[in-house]
Amino acid sequence: MSRTIFDKSSPGRVGFRLRDSEVDISKHIPQKHLREKTPSLPEVTENGVVRHYIDISTKNHHIDKGLYPLGSCTMKYNPKLNDKMATLPGFANLHPLQPESSIQGALALLYHLGELLKEISGMDDVTLQPAAGAHGEFTALIMIRAYHTKNGNPRQTVVFPDSAHGTNPASVTMAGYKPVQIPSSDEGLVDVDALRDVMDDNVAAFMLTNPNTLGLFEKNIVEIAEIVHSVGAQFYMDGANLNAILGRVKPAEMGFDIVHFNLHKTFSTPHGGGGPGAGALGFRSQLSPFMPKPVICKDGDRYYFDWDRLDSIGRVHSFYGNFANLVRGYTYIRQLGLDGLKAVSENAVINANYIRERLKEHFEFPHNSVCMHEFVLSGDRQKKLGVRTLDMAKRLMDFGFHPPTVYFPLIVSEAMMIEPTETESKNELDRFVSAMAQIAAEAESDPDKIKTAPHNTPVNRVDEGKAARELVVRWQPE
Ligand SMILES: *Cc1c(COP(=O)(O)O)cnc(C)c1O
């Protein structure tokens with residue numbers, strides 16, 4: 001185990017020296033507020049500190065270290081230009097309570113980010129307040145509730161397919177609706193007849209991820225939209241990940257009324273312990289009156305907060321969302337331009353299909369058709385040899401890869417969901433394919449090697465249940 005910085009402390013060692021104070025503090029601070037004992041802080045040299053943190057930063061896997069094919073999570077490389085822009089002093093030193101007239105640049109950036117997301121999604125309006133995908137879903141459902149309530153009846157249920165991300169039913173429940181799940185067809189798509197059966201005027205919305213979590217494009221999307229709208233329900237797109245459709249098709253054109261975008265997936269802002277997210281929301285004009293306030297508006301050259309929104313659901317975030325993350329997303333979009341975004345989706349889809357084709361001989365593919373930005377394979381063949389998908393995911397760490405998403409979506413047994421993203425080169429994809437092929441071969445020749453993996457990481461198998469339930473993230477001095 002790595003030692004903590006406290007273990008590396010040695011009395012009297014210093015990395016930084018403060019000048020003696022010229023002020024007699026005891027004259028200005030009441031005695032009861034003065035420390036009696038020096039605090040127990042680590043005493044280390046400057047290079048001791050730097051080396052300690054560099055050392056622990058390489059023990060974990062992160063996107064700056066290698067491929068991170070975590071399906072549905074879109075762990076693409078985060079361009080450093082984004083950080084450079086977000087830390088410009090004019091942005092980084094803003095105070096959220098500054099008067100509007102002194103934050104015109106920041107408001108302009110937010111306004112134009114909203115315009116870009118409108119262009120990308122085809123929607124009429126955008127809010128940037130939600131801090132995550134799930135928060136965007138919740139905000140959307142509260143807006144949908146307000147919309148139906150205004151029309152006389154909030155309705156009672158929200159429908160989604162069994163391939164939906166777990167946040168969908170959770171958001172539905174939190175918004176006070178009853179979740180209704182429908183099965184997928186054998187092809188892995190929405191079962192249109194099952195959808196028709198559950199749709200009536202009690203349904204507030206149908207939530208769909210497209211491409212869905214199997215990485216398949218819902219080809220009946222137009223018919224599905226018609227069924228949803230025929231009972232007056234709203235059509236929700238879980239657009240956490242737009243990597244497959246950027247610059248190709250707009251959610252509004254597929255018939256969706258509202259969509260959330262994860263800037264921390266599609267638009268390259270950090271996530272997965274890397275920082276707070278941004279789950280912006282785009283919607284058609286019938287939902288606009290209910291959007292969170294304040295709304296950033298433009299009048300001539302002036303940008304301002306519009307609070308005068310009687311039907312608004314109110315704020316869903318302090319101030320205006322995770323601003324630094326919004327700067328990063330804006331930088332990414334502006335740097336690529338709308339044509340560049342089209343290249344993103346092209347490469348994301350090619351990369352996923354390249355890996356899928358090359359893995360075909362080694363693994364089972366229950367939905368074996370051309371995929372979009374990600375695909376799901378099944379470890380059923382290896383399970384018969386006594387090796388589970390979880391074991392293979394652990395073994396991948398020995399090759400320097402982050403494990404893919406496993407056991408999701410729930411409708412594929414021994415699922416492994418792989419999303420390479422567009423930011424990986426062919427060399428890196430080939431390296432990944434070789435590792436997977438070697439693991440498939442080991443399942444036959446040396447299954448124990450996989451079952452006891454990982455072997456090359458700082459810690460081996462951890463008790464994941466205990467890690468999740470008894471979270472100890474703070475070191476305590478003795
Ligand atoms: C990631 C994801 C979400 C949730 O986003 P968070 O930012 O983690 O809350 C919802 N739906 C899908 C399909 C996702 O991939």
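Rules of the game
Residues numbered from 1 in each chain as written. Predicted model: local features only at pLDDT ≥ 70, side-chain atom pairs only at ≥ 80, totals over all residues. Heavy atoms only, no water. Helix = DSSP H or I, 4+ residues; strand = E, 2+ residues; numbered from the N terminus. Rg over C-alpha atoms; globule rule 2.2 N^0.38 Å. Contact = heavy atoms within 4.5 Å. Areas by Shrake-Rupley, 256 points an atom, 1.4 Å probe, with all protein chains shown as cover. Phe/Tyr/Trp six-rings, centres within 6.5 Å; stacked < 30°, edge-to-face > 60°. Buried < 20%, exposed > 50% of the residue type's maximum accessible area, 1.4 Å probe, protein only. Lys NZ or Arg CZ within 6 Å of the ring centre and 35° of its normal. Pairing = 2+ DSSP bridges. Salt bridge = Lys/Arg side-chain N within 4 Å of Asp/Glu carboxyl O. Core = buried A, V, L, I, M, F, W, Y, C linked by side-chain atoms within 4.5 Å. Domains from an automatic or database assignment. Axes fitted to C-alpha atoms, helices over the stretch in contact; angles between N-to-C directions. Near = heavy atom within 4 Å. Polar contact = N/O pair within 3.5 Å; in protein donor to acceptor, adjacent residues only side chain to side chain. Nonpolar A, V, L, I, M, F, W, Y, C, P; charged D, E, K, R; others polar. Parallel < 35°, antiparallel > 145°, perpendicular 65-115°, else oblique. Left-handed = near helix turned anticlockwise from the far one by under 90°.

### Observations concerning the overall build of the chain
From N to C terminus, the chain includes 15 helices and 12 strands. Since a compact globule built from 478 residues should have a radius of gyration of about 23 Å, the 25 Å found for the chain is in line with a globular shape. For the chain, the spread of C-alpha atoms along the principal axes amounts to about 80 × 70 × 40 Å. For the chain, the proportion of contacts with a sequence separation of at least 24, taken over those separated by at least 6, is 68%. Only carbon and sulfur atoms are counted for the fraction: they give 53% of the accessible area of the chain, which is about 23500 Å².

### Here's the deal with the packing of aromatic side chains
Two measures describe an aromatic ring pair: the distance that separates the ring centres and the angle between the ring planes. Here the structure, examined in full by the defined rule, presents 9 aromatic pairs. Ring geometry for Phe267 versus Tyr332: centroids 6.4 Å apart, planes at 70 degrees, classification edge-to-face. Of this pair, Phe267 sits in the loop between strand 6 (258–261) and strand 7 (281–283) while Tyr332 sits in helix 10 (residues 323–359), placing them 65 residues apart in sequence. This pair shows no difference in class: Phe267 is buried, exactly as Tyr332 is. Taken together, the ring pairs in this structure connect Phe206, Phe235 and Phe256 into an aromatic cluster. Taking the ring centre of Tyr177 as reference, the NZ or CZ of Arg145 above it sits at 4.4 Å.

### A word on the pairing of strand 3 (residues 178–182)
Pairing of strand 2 (residues 157–161) with strand 3, which is carried by 5 bridges, proceeds in the parallel orientation. Within strand 3, the residue paired with Thr157 across the bridge is Lys178.

### A look at the pattern of salt bridges
Taken as a whole, this structure holds 27 salt bridges when the rule is applied. For the salt bridge of Arg356 with Glu357, the shortest nitrogen-to-oxygen distance reads 3.5 Å. Glu442 serves as the salt-bridge partner of Arg395, at 2.8 Å between the closest nitrogen and oxygen. Separated by 47 residues along the polypeptide, Arg395 in helix 12 (residues 389–398) and Glu442 in helix 13 (residues 426–445) bring together distant segments of the chain. With a relative accessible area of 6%, Arg395 lands in the buried category. Given a relative accessible area of 7%, Glu442 falls into the buried group. Here the salt bridges do not stand alone but share partners, grouping Asp193, Arg196 and Glu223 into one network.

### Some thoughts on the nonpolar core
Nonpolar side chains tend to gather and get buried jointly when the protein is soluble and globular. Among the nonpolar cores identified, the biggest contains 60 residues, and Leu117 and Phe206 are the most heavily contacted of them. Mapped by element, the contributors of at least two residues to this core are helix 5 (104–121), helix 8 (192–198), strand 4 (203–208), helix 9 (221–230), strand 5 (234–239), strand 6 and helix 10. When residues are assigned to domains, this core turns out to be shared by domain 2 (80–336) and domain 3 (344–469), each giving three or more. Residue contacts for Phe206: discarding those within four places in its chain leaves Val159, Phe160, Pro161, Ile182, Val190, Leu195, Ile224, Val228, Gln234, Phe235 and Tyr236. One finds Cys371, Val387, Phe432 and Met436 within the second-largest nonpolar core, a separate group that totals 25 residues.

### Details of the environment of Leu81
Structurally, Leu81 is set in helix 3 (residues 80–86). Owing to a relative accessible area of 32%, Leu81 belongs among the partly exposed residues under this scheme. Residues Leu81 and Tyr332, spaced 251 residues apart in sequence, show a C-alpha to C-alpha distance of 8.2 Å. Residues within four places of Leu81 in sequence aside, it is in contact with Thr331 and Gln335.

### Here's the deal with the domain arrangement of the chain
Each assigned domain of the chain is listed here: domain 1 (5–51), domain 2 (80–336) and domain 3 (344–469). The distance between the C-alpha centroids of domain 1 and domain 3 comes to 48 Å.

### Focus on the sheet that holds strand 2
In space, the 7 strands of this open sheet follow the order 1-7-6-5-4-2-3, with mixed pairing throughout. At either margin of the open sheet sits one strand with a lone partner, and together these are strand 1 (125–127) and strand 3. If you compare each strand with its neighbour and ignore which way they point, the axes differ by 20 degrees on average. With 4 bridges connecting them, strand 4 and strand 5 associate as parallel partners. Pairing of Ala205 across the sheet is with Gln234, part of strand 5. Its contacts with the sheet put helix 5 on strand 1 and strand 6, and the angle it makes with strand 1 is roughly 125 degrees. In this fold helix 6 (residues 133–150) packs onto strand 2, strand 4, strand 5, strand 6 and strand 7, with an angle of close to 170 degrees to the strand it touches most, strand 5.

### Focus: the site of the ligand
With respect to spatial proximity, the complete set of residues near the ligand consists of Ser72, Ala132, Gly133, Ala134, Glu137, His165, Thr167, Asp238, Ala240, Asn262, His264 and Lys265. Here an oxygen atom of the ligand sits 2.8 Å away from a polar atom, N or O, in the main chain of Ala134. Note that an oxygen atom of the ligand is positioned 2.7 Å from one of the side-chain N or O atoms of His264. Protein chains bury 86% of the 380 Å² of accessible surface belonging to the ligand in isolation. With 3 residues, helix 6 is the largest single contributor of residues to the shell around the ligand. Of the residues contributing to the shell around the ligand, the split by class is 3 nonpolar, 6 polar and 3 charged.

### Concerning the packing of helix 6 against helix 7 (residues 167–174)
Geometrically, a packed helix pair is captured by the angle between its two axes and the distance between the axes. Close contact between helix 6 and helix 7 brings their axes to 9 Å; oriented N to C, the two are set at 40 degrees. Considered as vectors, helix 6 and helix 7 are oriented oblique to each other. Here helix 6 and helix 7 pass one another in a crossing that is right-handed. Here Ala134, Glu137, Phe138 and Leu141 of helix 6 lie close against helix 7, whose contacting residues are Thr167, Asn168, Ser171, Val172 and Met174. The residue inventory of the contact of helix 6 with helix 7, partitioned by class, reads 5 nonpolar, 3 polar and 1 charged.

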